[in-house]
Amino acid sequence: FPCDVIRNFSIIAHIDHGKSTLADRLLELTGTISKKSTGTNQQVLDKLKVERERGITVKAQTASMLHTANGKAHLLNLIDTPGHVDFAWEVSRSLAACQGALLLVDATQGVQAQSISVFHVAKERGLTIIPVLNKIDLPASQPERIAAQLQSTFGIDPSDVLQISAKTGKGVEHVLHAIIERIPPPHGNADEPLKAFLFDSLYDRYRGVISLVRIQDGVLRKGDKIASCHTRKKYEVTEVGVMYPEEVPTASLQPGQVGYIACNMKESSEAHIGDTLHRLGVPVDPMPGFQPAKAMVYAGVFPVDSNDFIKLEESIKRLTLTDRSVTVQRESSSALGQGCRLGFLGTLHMDVFRQRLEDEYDASIIVTAPTVPYKVVYKDRTVLVSNPTEFPDVSDTASKVKEVQEPVVKASIIVPEEYLGEMMDLCFSHRAEDLDHRYLDAGAASASSASTSSASTSTASTPSNPPNSSTAPIPTTHTTADATVDASPPATANATPAPTSSAPRAILTCTIPLSEIVTDFFDQLKSRSSGYASFDYEDGGYKTSDLAKMVFLLNSKPVDALALIVHRSAQQHVGRTWVKKLHKVIPRQLFEVPIQAAVGKKIIARETLSAMRADVTAGLYGGHYERKMKHLENQKASKRRMKRVGSVELPQEAFFDVLSTG
Ligand code: GDP
Ligand code: MG
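Rules behind the numbers
Residues numbered from 1 in each chain as written. Chains lettered and ligands numbered in written order. Predicted model: local features only at pLDDT ≥ 70, side-chain atom pairs only at ≥ 80, totals over all residues. Heavy atoms only, no water. Buried < 20%, exposed > 50% of the residue type's maximum accessible area, 1.4 Å probe, protein only. Helix = DSSP H or I, 4+ residues; strand = E, 2+ residues; numbered from the N terminus. Pairing = 2+ DSSP bridges. Core = buried A, V, L, I, M, F, W, Y, C linked by side-chain atoms within 4.5 Å. Contact = heavy atoms within 4.5 Å. Axes fitted to C-alpha atoms, helices over the stretch in contact; angles between N-to-C directions. Parallel < 35°, antiparallel > 145°, perpendicular 65-115°, else oblique. Left-handed = near helix turned anticlockwise from the far one by under 90°. Nonpolar A, V, L, I, M, F, W, Y, C, P; charged D, E, K, R; others polar. Phe/Tyr/Trp six-rings, centres within 6.5 Å; stacked < 30°, edge-to-face > 60°. Lys NZ or Arg CZ within 6 Å of the ring centre and 35° of its normal. Salt bridge = Lys/Arg side-chain N within 4 Å of Asp/Glu carboxyl O. pLDDT = per-residue confidence, 0-100. Lys, Arg positive; Asp, Glu negative; His and termini not counted. Polar contact = N/O pair within 3.5 Å; in protein donor to acceptor, adjacent residues only side chain to side chain.

As annotated in an unreviewed UniProt entry, the protein chain carries the name P-loop containing nucleoside triphosphate hydrolase protein and comes from Hygrophoropsis aurantiaca.

Written out as structure tokens, the structure reads:
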């Protein structure tokens, strides 16, 4: 394939706007996969079970297609991008291999927070953008209005906007034409020394590590000897090919082409994302790579039965082969035994990994409350702390802590205007600062310039009727312990009621501590906006904050696995909530047990567990012999999983209960 018939593109879309469906249609239309009955969702690219279940794309996938236009066969490479804020790193990495992108927007929903952030990444990289409105088969779709929105938000000319239904296939052939007509071919030179950009890797049980590459210059063939710019390791290429849509071996990979190579890499870590591969003995300047993914949410993972640790660790290792952005360290807790401390890109990432682990590991795990990485500043050094047990007692002057900083993010939320007040309250109750908002639809409040190309510049369209301009934080009930985030969209677009889709949309921006959004923020965002809000964030650096470690004491002994880092304003609430939860799940002991929450030396909350009688069978009606025996056996079985905290005996399940309920 000469370069001029190659097109490398991705699809940028907010969750549920139809990216997977469009990918299926494109693959069908080009004969890459056979056509099933119209309207079925094959979701060829969503390979992971959890992706299919949740309907989200986690890992970027790549597929090649052949399409003949103007009498010439074209090779179209679709490089999928995940549609979630946690995976921004994967997004920018996918875009680096492309010259163009389809900006796919649901014509019943309009522009959403993630479309905006990914659009800007694509623009910065100089990609050609093809705007596509999807779901025009739905009566609630408003293509003209959304096209105007694209114009006011991104400066897109409405005459460039395609209108399709990915579900019925209507208009999809125009998308193929636009890809060929509008997106420039990659340029590269077959006669230059080999330069291959490594943008992703897969793990195959039989062939080991498979690297996905885009050839910049030169030609790559089976049998070639190559080396990595990053690791300087040498390899012999055992197979090259294209994803069509599964791996199909080819004789070579030409400049501009995207494909896979197998070269006997043993460890996944050898396939360094962003690396440049070159011919052995013919060194080249490496292409600009990537910042490695940064873990932003940490949690400890422990087996419910401590004897299962080895099995758990093996499952974790196997899973990290396919998801390299998870960081793993061993951790041991006096209360929970041996476990692993895992670092994730975000809460959805954590949740997805946990689900995959449970599928694969086939046993119960205990996941501790999520923590973000804090900076503890001493006079002469700064320490990054991502485990509450390592957090110093800041109230103790002997600890010499100058200050504590926490990571913050710049958040943007897009909602129909009637939910703006509700969203502001939500942000305030999560310690948001620098709140600002404006309207997305050009004509909503004032005549704003139609050529606003950046979402971050305010168009100063002040609302005629601000929904709730109160700046006082409105108290909300929030359960800080909730580690589960339901990121799956509440309803598919088909089921979404129409009325609000015609309401003007507002974009709300603020700075918010990351720790505030790793708990129940998404759930509340979705429920308090009836599912209409979309949310995205980017790194906002660190800010000084009034934080302290909260520990829980059973009979005056601290339980390490339950330590939390809490902002002063939330101490009372958090302390009380947790103490109540513990009181509920801890079985009564032979003696009275005080359950306390403490910050430094100060007790914040307390409950008392009253004593029970020694003979567990005494309370059983009539003392029937068989029942009595059974009860004693049960007690023996659970003894094995008992943990001791000081003099208090705790079943491991109690931790499971307290950490997994909100
Ligand atoms: P993704 O999250 O962007 O990959 O979105 P999907 O492709 O999974 O689509 C989300 C939902 O929208 C699914 O229920 C699809 O069947 C539906 N959908 C996608 N395209 C269309 C369309 O053109 N018309 C209609 N009515 N539904 C669509
Ligand atoms: Mg999808």
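Structure's up, so let's keep going.
Draft legend 1. Up close: the pairing of strand E19 (residues 337–344). Among the 8 residues in E19, 7 count as buried, and that is most of the element. Direction of pairing for strand E18 (residues 327–333) relative to E19: antiparallel, over a ladder of 7 bridges. When the bridges of E19 are listed, Glu331 appears paired with Gly339. The hairpin turn running from E18 into E19, its antiparallel successor, is 3 residues long.

Draft legend 2. Just the nonpolar core, in detail. With 54 residues, the main nonpolar core has Ile413 and Phe535 as its most contacted residues. Broken down by element, this core gets its largest block of residues, 6 residues, from strand E23 (residues 401–416). Filtering out sequence-adjacent residues up to four positions away, Ile413 remains in contact with Met423, Cys427, Ala506, Ile507, Leu508, Phe521, Leu525, Ala533, Ser534 and Phe535. One finds Ile116, Ile146, Ala147 and Ile210 within the second-largest nonpolar core, a separate group that totals 39 residues.

Draft legend 3. Focus on the packing of helix H9 (residues 420–428) against helix H11 (residues 521–528). Where H9 contacts H11, the axes come no closer than 10 Å and their chain directions differ by 165°. It follows from the interaxial angle that H9 and H11 lie roughly antiparallel. In this structure, H9 crosses over H11, and the sense of that crossing is right-handed. In this structure, H9 contributes Glu422, Met423, Asp425 and Leu426 to the contact, and H11 contributes Phe521, Gln524, Leu525 and Arg528. Split into classes, the residues belonging to the contact of H9 with H11 amount to 4 nonpolar, 1 polar and 3 charged.

Draft legend 4. Molecular detail of the packing of aromatic side chains. What the rule picks out here adds up to 8 aromatic pairs. Between Phe535 and Tyr537 the ring centres are 5.8 Å apart and the planes differ by 50°, which places this aromatic pair in the tilted class. Here Phe535 matches Tyr537 in class, with each residue buried. Positioned above the aromatic ring of Tyr542, the side-chain terminus of Lys375 is 4.2 Å from the ring centre. Geometry around Tyr378 places Arg381 over its ring, the cationic atom sitting 4.4 Å from the centre.

Draft legend 5. Focus on the pattern of salt bridges. Considering all chains together, one arrives at 16 salt bridges under this definition. Notably, a salt bridge pairs Lys135 with Asp106, separated by 3.2 Å at the nearest N-O pair. Here Lys135, found in the loop between strand E5 (128–134) and helix H5 (143–154), pairs with Asp106, found in strand E4 (residues 100–106); they are 29 residues apart in sequence, far enough to count as distant. Exposure class is identical for Lys135 and Asp106. Each is buried. Ionic pairing is found between Arg381 and Asp380, a salt bridge with its closest N-O pair at 3.8 Å.

Draft legend 6. Spotlight on the sheet that holds strand E10 (residues 225–228). Here 8 strands make up an open sheet; going across it, the order is E11-E10-E16-E7-E8-E15-E12-E13 and the pairing antiparallel. With partners counted over all chains shown, the strands left at the sheet margins are strand E11 (234–236) and strand E13 (247–249), one partner each. On average, each strand axis in the sheet is inclined to that of its neighbour by 40°, with strand direction left out of account. Where E10 meets E11, 3 bridges bridge the pair, whose relative direction is antiparallel. Bridge pairing in E11 links Ala227 to Lys234.

Draft legend 7. Inspection of the sheet that holds strand E20 (residues 365–367) at higher detail. Across the sheet, which stays open at both edges, the 4 strands sit in the order E18-E19-E17-E20 with antiparallel pairing between neighbours. Looking at the sheet topology across the chains shown, the edges are occupied by E18 and E20. Within this sheet the neighbouring strands show an average axis-to-axis angle of 30°, counted without direction. Pairing of strand E17 (residues 297–303) with E19, which is carried by 5 bridges, proceeds in the antiparallel orientation. Paired with Gly300 across the bridge in E19 is Arg341.

Draft legend 8. Seen up close, the confidence of the model for the protein chain. Here the protein chain shows a mean pLDDT of 80. Residues at 70 or above account for 79%. Per-residue pLDDT, averaged within each element of the protein chain, yields its smallest value for helix H2 (residues 49–54) (55) and its largest for strand E6 (residues 162–163) (98). Counting interchain partners and residues more than four positions distant, the pLDDT-below-50 stretch residues 445–500 has 105 contacts. Here residues 618–623 is modelled with pLDDT under 50, and outside its nearest four sequence neighbours on either side it reaches 5 contacts, counting other chains as well.

Draft legend 9. Structural view of the pairing of strand E15 (residues 258–265). For E15, a buried count of 7 out of 8 residues is recorded, marking the element as mostly surrounded by other parts of the structure. Pairing between strand E8 (residues 208–217) and E15: 6 bridges, direction antiparallel. Considered in E15, the bridge of Leu212 is made with Tyr260. Inspection of the sheet shows strand E12 (residues 239–243) paired to E15 by 3 bridges, in the antiparallel sense. Each bridged residue has a counterpart across the sheet, and for Val240 the counterpart in E15 is Ile261.

Draft legend 10. Structural detail: the side chain of Arg7. In this structure, Arg7 sits in strand E1 (residues 6–13). The buried charged residue Arg7 lacks any salt bridge, with Asp4 as its nearest oppositely charged partner at 6.8 Å. Within the structure, the side chain of Arg7 is placed 3.0 Å from the backbone oxygen of Asp4, a separation counted as a polar contact. Once you skip the residues sitting within four places of it in the chain, Arg7 turns out to touch His74, Leu75, Leu76, Asn77, Ile179, Ile180, Ile183, Pro184 and Pro185.

Draft legend 11. The arrangement of helix H1 (residues 19–29) in detail. The buried fraction of H1 is high, at 10 of 11 residues. Within H1, burial applies to Lys19, Ser20, Thr21, Leu22, Ala23, Asp24, Arg25, Leu26, Leu27 and Glu28. Where the residues of H1 are buried, they touch E1, strand E2 (62–69), strand E3 (72–79), E4 and helix H6 (172–182). Two residues or fewer after H1 comes Gly31, characterised by a positive phi angle close to 75°.

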